[in-house]
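Listed here are the chains, written in short residue letters.
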Amino acid sequence: VALKEKTLEILRGTKASYVSGEELSKRLGISRAAVWKHVRALRKLGYKIAASPRLGYHLVAAPDLLLPAEIKSRLRTRYLGEKVIYFSEVSSTNDELKKIAAQEPEGTLILAEVQVGGRGRMARKWHSPFGGLWVSLSLKPKMAPSEAPKLTLMTAVAVTKAIREFTGLNAVIKWPNDVLVAGRKVAGILTEMAAEADRIDYLVFGIGINLNLKLADLPVSLRKEAGSLMAEYGAPIPRADFLAYLLKVLEDEYEYLLESGFGKLLQEWREYDGTRGRRVQIETPEGKIEGVAQGIDDEGSLIVEVDGERRRVRSGSVSMITSS
Ligand code: BTN
């Protein structure tokens, strides 16, 4: 797998021109026959690679895959995604990252083309067929565990901002961190934490974006609430380009808050708030409540007005009752 990746990296790096079989074999430290084997493996994945006996190899067209070489060649971040681990299929990228996050550097990224055991918040399943973006990312901020909810808000802000800037779609946030377009959920975030009493060891942010899904790819039970960016945008979105863009937005948000605190982030979250003033029903660990959403306080808790009384909700799942 590593050599196939390296072959792709070299072919990507040479852009318009050919790389000779001899050069490839030298740089990879393998025989010309072995080079040919990796080229064949890449072709099988959908890469169009021209092979000329005289000139060598040339990458003509690439499929929309999320192979690390595809991500790395586009990244403009300093440390987010410096280490990328790829699965064509995995149970859950969050579960994989939790196994290694303590040892691996901050910013390690795991992604999968397909998840068969994708998990959502509140112990729900997360449907993860080919075409979406299913990624997990680790951060190790030197902060108290009580700050973690605000870092989840950060991730929601970054996803929303990236969607807005990359596609022009009017993405909004449904508290705490669902991203909606045209009233349908297109992305969700599952944050998991390992911590001591007074400090975070690591956070794993699992980001699921229904990027290039057809509505028919979604189970019938979800079709009313869930949507996809492709359906709203009207065309497929290049996934590796979008992911590289998202990681840059996310790293900038993170850097800014490490240096300057959560002020700007809370302000951005409020700007993207799609539930403020709406009648909502919230499933909380203490039971269901119904009222009018009033936005978030400085800790990231949702304020809801219930029968004229303001209540703070720290965790829960919101549904909007009326559409207005
Ligand atoms: C939610 O809205 O309930 C959160 C959904 C989070 C889904 C992502 S996809 C990548 C990562 N791996 C998982 O198993 N879940 C998260």
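Predicted model only: the values in this text are computed from it and were never measured.

### Examining the sheet that holds strand S6 (residues 171-174)
Then, in step 1: The strand order S3-S4-S5-S9-S8-S7-S6 describes an open sheet built from seven strands, whose pairing is mixed. Looking along the sheet, the strands with just one partner apiece sit at the ends: strand S3 (84-90) and S6. Neighbour-to-neighbour, the strand axes of the sheet open up by a mean angle of 20°, direction not taken into account.
Then, in step 2: Bridging between strand S4 (residues 109-115) and strand S5 (residues 133-139) involves four bridges; their strand directions are antiparallel. Bridging across to S5, Leu111 finds its partner in Val135.

### Considering unusual backbone geometry
Then, in step 1: Omega for the bond connecting Trp175 with Pro176 falls within 30 degrees of zero, at -5°, which places this linkage in the cis form.
Then, in step 2: For Pro176, the position within the fold is in the loop between S6 and strand S7 (178-181).
Then, in step 3: If you check the backbone angles, Met122 has positive phi at about 55° while not being a glycine.
Then, in step 4: The topology assignment puts Met122 in the loop between S4 and S5.
Then, in step 5: Given a relative accessible area of 39%, Met122 falls into the partly exposed group.
Then, in step 6: A positive phi angle, near 60°, is found at Ala123, a position not held by glycine.
Then, in step 7: Secondary-structure assignment places Ala123 in the loop between S4 and S5.
Then, in step 8: Ala123 gets classed as exposed once you look at its relative accessible area, which sits at 81%.

### Quick look at the environment of Thr108
Then, in step 1: For Thr108, the location among the structural elements is in the loop between helix H5 (93-100) and S4.
Then, in step 2: Taking relative accessible area as the criterion, Thr108 reaches 0% and is therefore assigned buried.
Then, in step 3: When residues no more than four places from it in sequence are discounted, the contact partners of Thr108 are Lys83, Ile85, Leu97, Ser136, Leu137 and Ser138.
Then, in step 4: One polar contact links the side chain of Thr108 to the main-chain carbonyl oxygen of Pro105, over a distance of 2.7 Å.

### Overview of the sheet that holds strand S10 (residues 279-284)
The strands making up a sheet are joined through hydrogen bonds of the backbone, oriented either antiparallel or parallel.
Then, in step 1: Strand order in the open sheet made by the five strands is S13-S12-S11-S10-S14, with antiparallel pairing throughout. Strands at the two margins of the open sheet, each flanked by one partner only, are strand S13 (309-313) and strand S14 (317-320). On average, each strand axis in the sheet is tilted by 45° relative to the strand beside it, whichever way the strands run.
Then, in step 2: Relative to S13, strand S12 (residues 302-306) is paired through five bridges, and the arrangement is antiparallel. Along S13, the bridge assignment pairs Ile303 with Arg312.

### Considerations on the site of the ligand
Then, in step 1: Surveying the vicinity of the ligand reveals 20 residues, the closest of which are Ser92, Gln115, Arg119, Arg121 and Lys185.
Then, in step 2: Protein contacts shield 98% of the accessible area of the ligand, which totals 410 Å² for the unbound molecule.
Then, in step 3: Going through the elements one at a time, H5, S5, strand S8 (184-195) and strand S9 (200-209) are the ones with two or more residues in the shell around the ligand.
Then, in step 4: The element contributing the most residues to the shell around the ligand is S8, with four residues.
Then, in step 5: Residue composition of the shell around the ligand, by class: six nonpolar, 10 polar and four charged.

### Regarding the pattern of salt bridges
Then, in step 1: Counted by the stated rule, this structure contains 23 salt bridges.
Then, in step 2: Glu104 is the salt-bridge partner of Lys83, the closest N and O atoms lying 3.1 Å from each other. With Lys83 in the loop between helix H4 (68-72) and S3 and Glu104 in the loop between H5 and S4, the pair connects residues that are 21 residues apart, well separated along the chain.
Then, in step 3: A salt bridge links Lys161 to Glu268; its shortest N-O distance comes to 2.7 Å. Of the two residues, Lys161 sits in helix H6 (residues 148-167) while Glu268 sits in helix H9 (residues 263-272), which places them 107 residues apart along the sequence.
Then, in step 4: For Glu268, a relative accessible area of 9% corresponds to the buried category.
Then, in step 5: Residues joined in a network through salt bridges with shared partners are Arg12, Glu70, Arg74 and Asp241.

Cut-offs and rules
- Each chain has its residues counted from 1, following the order in which its sequence is written.
- Restriction of local features to residues with pLDDT of at least 70 applies here, the model being predicted, together with a cutoff of 80 or more for giving and counting side-chain atom pairs; totals for whole chains, interfaces and linings are based on all residues.
- Note: side-chain values were computed over all heavy atoms of the structure, leaving out hydrogens and water.
- Note: two strands are recorded as paired if DSSP finds a minimum of 2 bridges between them.
- Numbering of helices and strands runs from the N terminus; a helix is a DSSP stretch of H or I covering at least four residues, while a strand is a stretch of E covering at least two.
- Axis definition: a line fitted to C-alpha atoms, over the contacting stretch in the case of helices. Angles run 0 to 180 degrees between N-to-C directions.
- Relative accessibility thresholds used throughout: buried, under 20% of the residue-type maximum; exposed, over 50%; partly exposed, between the two (1.4 Å probe, protein chains only).
- Any two residues having at least one pair of non-hydrogen atoms within 4.5 Å are treated as being in contact.
- For the purposes of these results, a polar contact is taken to be a pair of N or O atoms within 3.5 Å, where, inside protein, one atom must be able to donate a hydrogen and its partner to accept one; residues adjacent in sequence count only when each atom of the pair is a side-chain atom.
- It suffices for a single heavy atom of a residue to lie within 4 Å of a molecule or strand for the residue to be listed as near it.
- Accessibility throughout is a Shrake-Rupley quantity obtained with a 1.4 Å probe, and a residue counts as covered only by protein chains that appear here.
- Residue classes follow a fixed rule: Ala, Val, Leu, Ile, Met, Phe, Trp, Tyr, Cys and Pro count as nonpolar, while Asp, Glu, Lys and Arg count as charged, and any other residue, Gly among them, counts as polar.
- Every case where a carboxyl oxygen of Asp or Glu lies within 4 Å of a side-chain nitrogen of Lys or Arg is listed as a salt bridge.

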